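Notes for the structure review
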Amino acid sequence: MKPLEGIRVVGLSRVLAGPYCSLLLADMGAEVIKVEEPGRGDDTRAWPPFVGGEATYFMSVNRGKKSLTLNMKADAGKLILRRLLEGTDVLLENFRRGTLERLGFGHEAVRAFNARLVYCSISGFGQSGPRRSQPGYDAIMQAEGGLMSITGSADGPPYRLGVAIVDIVSGMFAAFGIAMALLARERTGKGQQVDLAMLDATVALLTYQAGGFFATGTVPARLGNRHPSIVPYETFAASDGEFVIAVGNDEQWRRFCTIAGLPEEERFATNRQRVTAYDVLRPLLADRLRTGPRQFWIDRLTTAGVPCGSVRNLQELFDDPQLGAREMIARVEHATIGQLRTLGVPIKLSETAGAVRTAPPTLGQHTDAVLAGDLGLSAGAIAALRRQRVV
């Protein structure tokens, strides 16, 4: 048994935030029916690169789901969606505010015929506030949410992260919100709306940066890879590449000095002193660490209990046997490509473990199965809907 076994999710979301949310739910056993536009599908199906005609971006966040093509603007399509939602536990959507209301599937309309449904809306700015009608995109949120202002070198331009972190964390928060609403439903018998704003999710990531600003009024600056409150806690160049040292306390600092062959100077004895003397200390460490290869330092520092790690590319990462031991690379059989590698499930539950169950679907792969199996439509009725371009 999986935690969300028996829970049906109808996904009306596209691109990344919503699909990442429903991926997390699918991994934990939920039946996820992804509703897509006939002949086109999710926007990311058209984003390169491709393998066997399928977009790797789409496949990366849509495993474990069923694909149902449906024209939600057609009357017949609306009827099908209505029937599907009558027996659904979770509706997940990331349309611009007001879109589903105009189609007759806003929260209030759906609650009228399914009071137990959890209705999750992911949007740029949420369902309230002066900016509620504006769309949201990851890069915009990284910029407006403050992340870019603290990402990058001190003397360079602001940078966005190498993955769409706001989309991903919004999906995580949405999945958590849905799980909480389902838990509450067990106690109250009623569903509710989960309102997830990407801007809110971005602000929530600021944690200690926001805490420092609230306390001092000082706007945090870009610091490159260094930490504002811990030293040394950043990237250093060895003779053959870069690695990270994360000295988290003064005992680790003393061990680091022993391994690096540096004197334990009183002026650097405490973390507060090291933070204050950063401009003096950093060049001393850099000069010493560049004298040896990174594996030389990593082996010795790790043995001494000093946290450190190599800056690895993805090939180096996926060659690490630790990922195999943790089942973080899964293999599934795709309908047209054959065997496909995908990422594994990061949450390890001891009694009700999640799993990567099925490959990402081809467009409309499960349309007939959903219409016949879930709604009881005949083959003739499905064929008629297809002729009318409803599915």
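One can find the structure itself at the top, above this paragraph.
Below: a short report on this structure. No experiment lies behind these values; they were computed from the predicted model shown.

Turning to the pattern of salt bridges, a few remarks are in order. This structure, assessed with the given rule, holds 23 salt bridges. Residues E31 and R8 are paired through a salt bridge, measuring 3.6 Å at the closest nitrogen-oxygen approach. With E31 in strand β2 (residues 31-36) and R8 in strand β1 (residues 8-12), the pair connects residues that are 23 residues apart, well separated along the chain. Given the relative accessible area of 23%, E31 is considered partly exposed. Judged by relative accessible area, R8 falls into the buried class, the value being 13%. Residue R160 pairs with D138 through a salt bridge whose shortest N-O separation is 3.9 Å. Remark: D138 occurs in helix α6 (residues 138-144) and R160 occurs in the loop between α6 and α7 (165-188); sequence separation between them is 22 residues. Overlapping salt bridges bring together R8, E31, K66 and D374 as one network.

Turning to the packing of helix α10 (residues 250-260) against helix α13 (residues 294-303), a few remarks are in order. Remark: α10 packs on α13, axes separated minimally by 10 Å, with the N-to-C direction vectors making an angle of 135 degrees. The angle between α10 and α13 falls in the class oblique. As for how α10 packs across α13, the hand of that crossing is right-handed. Two secondary-structure elements touch here, α10 through F256, I259 and A260 and α13 through W297, R300 and L301.

This part takes up the environment of A210. Within the secondary structure, A210 is located in helix α9 (residues 207-216). Sequence-wise, A210 and G146 are 64 residues apart; in three dimensions their C-alpha atoms are separated by 9.7 Å.

Tracing the sequence through the fold places R132 in the loop between β7 (118-123) and α6. You can call R132 partly exposed: its relative accessible area is 34%. As for R132 and R96, which are separated by 36 residues in sequence, their C-alpha atoms are 9.1 Å apart. For R132, the contacting residues outside a window of four places in its chain are R97, F125, G126 and Q127. Looking at R132, its side chain comes within polar contact range of the main-chain oxygen of G129, at 2.8 Å.

By size, the foremost hydrophobic cluster in this structure holds 41 residues, and its most contacted members are L25, I122 and I178. Contributing elements (two or more residues each) for this core: α1 (17-27), α2 (56-60), β6 (90-93), β7, α7, β8 (193-197), α8 (198-204) and β12 (329-334). The dominant element in this core, judged by the number of residues it contributes, is α7, at seven residues. Membership of the second largest hydrophobic core comes to 28 residues, among which are V110, Y119, L375 and V390.

Bringing the pairing of strand β10 (residues 241-246) into the picture now. Where strand β9 (residues 233-238) and β10 come together, six bridges link them in antiparallel fashion. What sits directly across from Y233, in β10, is A246. When β10 meets strand β11 (residues 308-310), the two strands line up antiparallel, connected through three bridges. Residue I245 lies in a different strand from β11, and its bridge partner there is C308.

The strand order across the open sheet built from six strands is β5-β2-β1-β6-β7-β8, with neighbouring strands paired in parallel fashion. Each having just a single partner strand, β5 (65-69) and β8 make up the two edges of the open sheet. In this sheet, neighbouring strand axes are inclined to one another by 20 degrees on average, regardless of whether the strands run parallel or antiparallel. Relative to β1, helix α3 (residues 75-86) is tilted by about 145 degrees, and along the sheet it contacts β1, β2, β5 and β6.

Enumeration according to the criterion identifies four aromatic pairs in this entry. Between W47 and Y57, the aromatic rings sit 4.9 Å apart at their centres with planes inclined by 80 degrees, giving edge-to-face as the arrangement. Linking W47 in the loop between β2 and β3 (50-51) with Y57 in helix α2, this pair joins segments that are 10 residues apart in sequence. Judged by relative accessible area, which is 33%, W47 ranks as partly exposed. Overall, Y57 belongs to the partly exposed group, its relative accessible area being 27%. The aromatic ring of F113 is capped on one face by R82, whose charged end is 4.0 Å from the ring centroid.

What counts and how
- Residues numbered from 1 in each chain as written.
- Predicted model: local features only at pLDDT ≥ 70, side-chain atom pairs only at ≥ 80, totals over all residues.
- Heavy atoms only, no water.
- Salt bridge = Lys/Arg side-chain N within 4 Å of Asp/Glu carboxyl O.
- Helix = DSSP H or I, 4+ residues; strand = E, 2+ residues; numbered from the N terminus.
- Buried < 20%, exposed > 50% of the residue type's maximum accessible area, 1.4 Å probe, protein only.
- Axes fitted to C-alpha atoms, helices over the stretch in contact; angles between N-to-C directions.
- Parallel < 35°, antiparallel > 145°, perpendicular 65-115°, else oblique.
- Left-handed = near helix turned anticlockwise from the far one by under 90°.
- Contact = heavy atoms within 4.5 Å.
- Polar contact = N/O pair within 3.5 Å; in protein donor to acceptor, adjacent residues only side chain to side chain.
- Core = buried A, V, L, I, M, F, W, Y, C linked by side-chain atoms within 4.5 Å.
- Pairing = 2+ DSSP bridges.
- Phe/Tyr/Trp six-rings, centres within 6.5 Å; stacked < 30°, edge-to-face > 60°.
- Lys NZ or Arg CZ within 6 Å of the ring centre and 35° of its normal.

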